[in-house]
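A structural walkthrough
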Amino acid sequence: MSQAVVAKPSKPAVCLTKLFINNEWVQPVEGGTFEAYDPATGDVIAEVAAGTAADVDLAAKAARKALETGPWAKMDAADRGNLLFKLAELIQRDSRELAELESLNCGKTITDSIGDLQGVVNTLRYYAGWADKIEGRTVPVRGNFLSYTLRQPVGVVGQIIPWNFPLLMLSWKLGPALACGNTVIMKPAEQTPLTALRIAELAMEAGFPAGVFNVINGFGETAGAAMCTHPEIDKIAFTGHVDTAKIIQRATSETLKRTSYELGGKSPNVVFADANIDDAVAGAFHAIYFHGGQCCTAGSRLFVEEKIRDEFVSKLAAKAKQRRVGNPLDANTEQGPQVSQEQMDKILGYVELGKKQGAKLVTGGERVGDKGFFVNPTIFDGVKDDMAIAKDEIFGPVVSVLPFKSFDEVLDRANRTNYGLAAAIWTKDIDKAHLYAKGVKAGTVWVNCYHIVDATTPFGGFKMSGHGRENGEAALELYTETKTVTVKLG
Ligand code: NAI
Ligand code: MG
């Protein structure tokens with residue numbers, strides 16, 4: 001049996017986890033626990049050790065020591081890359097088991113979890129390759145001096161991740177942080193605390209030295225908040241809600257920590273009448289319903305050119321009605337449950353609000369079954385830009401269809417949001433495509449495709465969708481400090 005998860009004697013069916021600090025499995029100082037659920041049934045699947053400020057303090061000290069004095073501090077960059085590569089190989093080896101655990105706790109379909117695991121492996125391999133390619137420059141400074149730059153780790157990094165892509169978000173943060181030589185304290189979301197613990201086991205098996213990677217499960221308001229104020233933590237990287245980012249921004253201001261944020265969105269997906277309609281229907285469907293809409297990039301504002309609107313909506317609705325919603329571990333299932341009762345209630349609340357504010361419910365809008373947290377694919381037509389369902393991030397399978405007539409009009413309306421994470425356009429007109437890509441305020445723009453995200457391409461938001469870019473070479477900026485060294489010559 002894994003050391004991360006041991007049977008609890010009083011409840012043999014339920015496991016009790018520990019925290020992972022300094023390559024050891026430890027009980028939380030205050031001894032608290034919380035429950036992890038299977039969102040497909042609502043059943044408790046594990047008792048999870050809840051870290052608090054005292055555990056964050058132990059992890060910060062271990063991470064500081066590893067950063068400054070341990071073998072990690074002296075390790076060749078190439079060897080850091082080799083360790084990351086080894087971790088990627090071990091994840092690949094165990095990817096089926098990891099995917100099943102991800103689906104069990106997060107509710108995403110097994111097909112999607114397998115896809116996520118491939119993304120995790122790709123990301124870690126990509127950053128393994130970067131480890132010995134993070135170079136400074138020589139600078140043609142004035143005077144008789146040699147100036148050059150060194151790129152050094154930021155230090156101890158706290159990484160606070162969400163529940164919608166637990167392992168993929170872990171890899172986006174862990175890969176570049178370790179490639180750059182930082183040490184990490186990872187705080188998974190309280191809804192999905194389990195798979196990060198298996199990664200900790202694999203990191204030990206790969207041979208990462210003690211203190212380089214630590215996992216503290218627990219609540220945002222306790223464990224997460226303690227990370228944001230701890231003086232030994234140099235940076236917080238966060239993915240989650242805008243309001244949480246504001247709290248973190250305030251909490252980290254006292255120690256002026258570096259921060260990077262990947263937040264939500266209300267992404268405009270624009271379909272012109274000259275597009276291949278069937279491709280656009282399939283693309284708009286995937287844009288909103290992938291992982292039950294629990295994606296920061298979900299195409300939740302669907303702008304459809306007025307003259308194709310009726311045809312488009314009826315084709316989209318026909319597909320929505322056929323979607324197989326059910327057990328995420330069944331390979332035939334297309335959509336699993338929402339992650340929690342809280343999320344399901346939030347989504348159904350927005351459905352009621354949409355109806356009350358006068359949008360037309362075309363299909364869906366209901367809970368499926370009376371066990372687990374399932375919501376069927378939902379379409380609202382005739383939505384106005386100022387309705388709550390068109391403005392707020394719902395984070396569920398709910399799309400707002402917004403008709404438009406002209407390019408200038410739709411670009412202007414697409415940009416009328418505080419968010420700016422992603423945007424898409426469906427058209428055969430190359431001028432429209434590039435003008436939209438240039439004019440839309442979003443960190444990612446898709447032309448005739450959606451949700452194409454890769455380890456190699458920068459990802460992040462304009463406006464309130466975040467600070468900084470993850471993935472690609474850009475993420476190295478988030479995890480290095482640049483130092484200028486100037487030497488007097490002669
Ligand atoms: P959240 O932002 O509260 O949680 C994300 C992470 O932040 C979790 O690990 C949580 O423990 C931590 N956290 C919460 N409060 C904190 C604090 N005061 N200090 C430090 N860490 C803290 O998001 P939540 O409540 O799970 O979901 C609410 C909504 O947020 C969703 O309905 C969705 O709209 C949005 N969201 C967006 C995500 C994205 O990918 N951009 C991911 C998850 C949620
Ligand atoms: Mg929250």
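Above this note sits the structure.
Attention here is on the structure that accompanies the text.

So, how was this worked out
Residues numbered from 1 in each chain as written. Chains lettered and ligands numbered in written order. Predicted model: local features only at pLDDT ≥ 70, side-chain atom pairs only at ≥ 80, totals over all residues. Heavy atoms only, no water. Phe/Tyr/Trp six-rings, centres within 6.5 Å; stacked < 30°, edge-to-face > 60°. Buried < 20%, exposed > 50% of the residue type's maximum accessible area, 1.4 Å probe, protein only. Lys NZ or Arg CZ within 6 Å of the ring centre and 35° of its normal. Pairing = 2+ DSSP bridges. Helix = DSSP H or I, 4+ residues; strand = E, 2+ residues; numbered from the N terminus. Near = heavy atom within 4 Å. Polar contact = N/O pair within 3.5 Å; in protein donor to acceptor, adjacent residues only side chain to side chain. Areas by Shrake-Rupley, 256 points an atom, 1.4 Å probe, with all protein chains shown as cover. 1 Å grid on protein atoms, 1.4 Å probe; cavity = no way out; pocket = protein on both sides within 12 Å on 5 of 7 lines; lining within 4 Å. Sits in = over half its atoms within 2 Å of the grid points. Nonpolar A, V, L, I, M, F, W, Y, C, P; charged D, E, K, R; others polar. Points joined across faces, edges and corners; volume = space filled by probe spheres on them. Core = buried A, V, L, I, M, F, W, Y, C linked by side-chain atoms within 4.5 Å. Domains from an automatic or database assignment. Contact = heavy atoms within 4.5 Å.

Time to look at the packing of aromatic side chains. For the structure on display, the rule yields twelve aromatic pairs. Considering the side-chain rings of phenylalanine 20 and tryptophan 25, the 4.7 Å spacing of their centres and the 50° angle between planes classify their relative orientation as tilted. Where tyrosine 126 meets tyrosine 127, the ring centres are 4.8 Å apart and the plane angle is 85°; that geometry is what we call edge-to-face. With a relative accessible area of 0%, tyrosine 127 lands in the buried category. Ring pairing ties together the aromatic residues Phe272, Phe404 and Phe407, which thus form one cluster. Over the ring of tyrosine 479 we find lysine 235, and its NZ or CZ is 5.0 Å from the ring centre.

Sheet architecture is open: three strands sit in the order 7-8-24, paired in antiparallel fashion. Each end of this open sheet is capped by a strand with a single partner; those strands are strand 7 (138-139) and strand 24 (480-488). With two bridges joining them, strand 7 and strand 8 (residues 145-153) adopt antiparallel strand pairing. Paired with threonine 138 across the bridge in strand 8 is tyrosine 148.

On to the site of ligand 1, then. In the vicinity of ligand 1 there are 29 residues, among which Trp163, Glu190, Thr244, Lys346 and Glu393 approach most closely. Interatomic distance of 2.7 Å between a side-chain N/O atom of tryptophan 163 and an oxygen atom of ligand 1. Contact between ligand 1 and glutamate 190: an oxygen atom at 2.5 Å from a side-chain N or O atom of the residue. Protein burial of ligand 1: of its 810 Å² of free accessible surface, 92% is covered by the chains. Applying the majority rule of atoms within 2 Å of the grid points places ligand 1 in the largest pocket. The greatest single-element share of the shell around ligand 1, amounting to four residues, is contributed by helix 8 (residues 220-229). Its residues assigned to classes, the shell around ligand 1 shows 13 nonpolar, ten polar and six charged.

With that out of the way, let us pick up empty space enclosed by the protein. Applying the stated criterion across every chain, the model contains five cavities of 30 Å³ or more. As a volume, the largest cavity reaches approximately 60 Å³. What lines the largest cavity is a set of 15 residues, and nearest its centre among them are Pro268, Thr417, Tyr419, Gly420 and Lys441. Counted by class, the lining of the largest cavity contains six nonpolar, five polar and four charged residues.

So, about the nonpolar core. One broad trend across soluble globular proteins is that nonpolar side chains are buried collectively. Formed by 85 residues in total, the largest nonpolar core has its most connected members in Leu87, Ile91, Phe208, Phe213, Leu302 and Phe312. Residue contributions to this core reach at least three from each of two domains, namely domain 1 (11-263 + 465-486) and domain 2 (268-455). Those residues within four positions of isoleucine 91 in sequence are excluded, and the remaining contacts are Leu98, Leu117, Val120, Val121, Leu124, Ile199 and Leu202. Grouped together as the second largest cluster of nonpolar side chains are 29 residues, Met344, Val375, Val398 and Ile425 included.

This brings us to the environment of proline 166. Looking at where proline 166 falls in the secondary structure, it is placed in helix 6 (residues 166-179). The buried category is assigned to proline 166, whose relative accessible area is 4%. Along the backbone, proline 166 and proline 188 are 22 residues apart, and their C-alpha atoms lie at a distance of 7.1 Å. When sequence neighbours within four positions are dropped, the list of residues in contact with proline 166 reads Glu102, Cys106, Ile161, Thr192 and Thr195.

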